[in-house]
Amino acid sequence: MPKDLRILLLATCFPKPSKPWAYYWAIEQAWALQRVAEVRVVSPTSWVPAVAARFGKARDWALCPSQHQWQTFEAQYPRWLAYQAGRLAAAAYVNPEPQMRIGWYSIAPALRRAARRFRPDVILSHHTATSGYLAMRLGRELGLPFVTVDWDFDELESAERLPLRRAFLRRVFTAAAASVAVARRMERAVRALHPAATTRTIYSGVAPIEPDYWKTPRPADVSNRTVIYSAANFYERKGGLLLVSAFAKIAARYPGAVLRVAGYGQQVGQMAELAGRLGIAGQFQFLGTQTHERVLQEIVWCDLFALFGWNEPFATVYMEAMAAGKPIACASDGGVNDLLTDGQEGIAVAPRNVDAAAAALDRLLSEPSARLQMGAAGRQLFDRHLDSRHTADQLLQTLHAAVNR
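One structure accompanies this document, and this report is about it.

What counts as what
Residues numbered from 1 in each chain as written. Predicted model: local features only at pLDDT ≥ 70, side-chain atom pairs only at ≥ 80, totals over all residues. Heavy atoms only, no water. Core = buried A, V, L, I, M, F, W, Y, C linked by side-chain atoms within 4.5 Å. Buried < 20%, exposed > 50% of the residue type's maximum accessible area, 1.4 Å probe, protein only. Pairing = 2+ DSSP bridges. Helix = DSSP H or I, 4+ residues; strand = E, 2+ residues; numbered from the N terminus. Axes fitted to C-alpha atoms, helices over the stretch in contact; angles between N-to-C directions. Polar contact = N/O pair within 3.5 Å; in protein donor to acceptor, adjacent residues only side chain to side chain. Contact = heavy atoms within 4.5 Å. Patch = residues over 30% accessible without salt bridge, like charges linked within 9 Å, V, L, I, M, F, W, Y side chains within 5 Å. Areas by Shrake-Rupley, 256 points an atom, 1.4 Å probe, with all protein chains shown as cover. Salt bridge = Lys/Arg side-chain N within 4 Å of Asp/Glu carboxyl O. Parallel < 35°, antiparallel > 145°, perpendicular 65-115°, else oblique. Left-handed = near helix turned anticlockwise from the far one by under 90°. Nonpolar A, V, L, I, M, F, W, Y, C, P; charged D, E, K, R; others polar.

**Side note on the nonpolar core**
Within the largest apolar cluster, 74 residues are counted, with the highest numbers of intra-cluster contacts made by Ile7, Phe14, Leu124 and Leu134. Counting 70 residues, the second largest nonpolar core, distinct from the first, contains Phe284, Tyr318, Ala321 and Ala323.

Right under this line is the structure:
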């Protein structure tokens, strides 16, 4: 297929070489687009002094190289004076304009150089409040159209109660050629901010799972057990403590079941501590941070995937579980519910409800045939709607339309 479109992808939330599993949805999209277009990624990265490499999130910023080759495309990581953590980020969330204006002037030379060298036809920007603003300023200078993609409910819906944020987002949406959302609820939020916006819901999609993952046998310690698997960056909204509590309610009825959890974040230590306090330490395994390849392997090994996070836009792991033919257990307020039918591809429960989550796990553990049927239905849903080859084609249509207009 000829690659007749050159896309400059601006993404502040993009994997760093030191942490390739974080924001993996962004790299999945870039790989899928690279199949049908020329793609150059520019990921603005907060400037911090080298000594900050000793501290938390700042370590990823301080150690990030200026560029990195991700298999089929190159990503550049120019520094800028804008920050996604701490007090500066909290202030910028309420009123993005001051920090984003400083950020623009600090990174504009690097963006101009990237555009001169790559000669893009269109700019694709992740998150309207950050990269969308940069795309607006750069596009205005160079006469390029830009399309925004939003991935988070709160970033849009919070603007209803924050007037300065609302005015800022509305200005970017007004300038954009089109605005893409990864869930229908998110698209409605865009329309509420700017009713005249050209909007479209396009799910992010993931690549099919390679057949080789099915050739590797389960580890011996779980070879004859029923495995519930979960993986996430476990901060509060992801519902890690809720998952452990829900499993504890029904674990005694299923002594052969085990909850295997992988990930990182604020709650991982608390999850292991809670499992011990609730008496299910023998049925709980924390696997730590895993590579994306290992996450896929664990998904193939498991019997069901569970993540009860609320306000979940459209977690990549849900799509990967369906790609592997596994039933999912989730909250009913997330983007995945655009497509998932409760009881057909998995079970969706009221958010933040431990008893409902426990009932979902109980049903999936007690009915092996239902698990298999739901998993098969999930695989069909993936093939129809969530294969990244299909979703990239839809996004390419939107980008071509932006260029033609």
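Next comes the rest of the write-up.
**What about the sheet that holds strand β13 (residues 284-286)?**
The strands making up a sheet are joined through hydrogen bonds of the backbone, oriented either antiparallel or parallel. Spatial ordering of the open sheet is given by β13-β12-β11-β14-β15-β16, a layout of 6 strands whose pairing is parallel. Each edge of the open sheet carries a strand with a single partner, namely β13 and β16 (346-349). In this sheet, neighbouring strand axes are inclined to one another by 20° on average, regardless of whether the strands run parallel or antiparallel. The pairing of strand β11 (residues 226-233) with strand β14 (residues 304-306) spans 2 bridges and is parallel. Opposite Tyr229, over in β14, you have Phe305 as the bridge partner.

**Thoughts on unusual backbone geometry**
Excluding glycine, residues mostly have negative phi values, and the peptide bonds linking residues are mostly trans. In this structure, Asn311 takes a positive phi of about 55° despite not being glycine. Examined against the element boundaries, Asn311 turns out to sit in the loop between β14 and α12 (316-323). Look at Asn311 and you get buried, because its relative accessible area is 18%. Phi is positive for Arg352, close to 65°, though the residue is something other than glycine. With respect to the element layout, Arg352 can be found in the loop between β16 and α13 (354-366). By relative accessible area, Arg352 is classed as exposed at 57%.

**Brief notes about the side chain of Asn311**
Of the polar contacts made by the side chain of Asn311, one reaches the side chain of Arg185; its length is 2.7 Å. Leave out the neighbours within four places in its chain, and Asn311 touches Phe153, Asp154, Arg185, Arg237 and Asp333.

**As for the pairing of strand β8 (residues 146-150)**
Consecutive side chains along a regular strand alternate between the two faces of the sheet. With respect to burial, β8 is a largely interior element, 5 of its 5 residues being buried. Neither face of β8 is exposed, since Phe146, Thr148 and Asp150 on one face and Val147 and Val149 on the opposite face are all buried. One ladder, built from 4 bridges, connects strand β7 (residues 122-126) with β8; its direction is parallel. Directly across from Leu124, in β8, lies its bridge partner Val147.

**Section: the sheet that holds strand β5 (residues 73-76)**
Strand order in the open sheet formed by 8 strands is β4-β5-β2-β1-β7-β8-β9-β10, and the pairing between neighbours is mixed. Each end of this open sheet is capped by a strand with a single partner; those strands are β4 (67-70) and β10 (199-201). Averaged over neighbouring strand pairs, the angle between their axes works out to 25° when direction is ignored. Pairing of β8 with strand β9 (residues 178-181), which is carried by 4 bridges, proceeds in the parallel orientation. Along β9, the bridge assignment pairs Val149 with Val180. Its contacts with the sheet place helix α8 (residues 184-193) against β8, β9 and β10, and it is angled at close to 170° to β10. In this fold helix α15 (residues 388-404) packs onto β1 (6-10), β7, β8, β9 and β10, with an angle of close to 130° to the strand it touches most, β7.

**Looking at a nonpolar patch on the surface**
Taken together, the side chains of Trp47, Leu81 and Ile102 define a hydrophobic patch exposed on the protein surface, amounting to about 300 Å² of accessible area. The topology assignment puts Leu81 in the loop between β6 (79-80) and α3 (86-94).

**Some remarks on the packing of helix α11 (residues 292-301) against α12**
Packing of α11 against α12 brings their axes to within 9 Å, and their N-to-C directions diverge by 50°. It follows that α11 is oblique to α12 by the angle criterion. By crossing handedness, the relation of α11 to α12 is classed as right-handed. Between α11, through His292, Val295, Leu296 and Ile299, and α12, the contact on the second element is made entirely by Val317, Glu320 and Ala321. In the contact of α11 with α12, the residues fall into 5 nonpolar, 1 polar and 1 charged.

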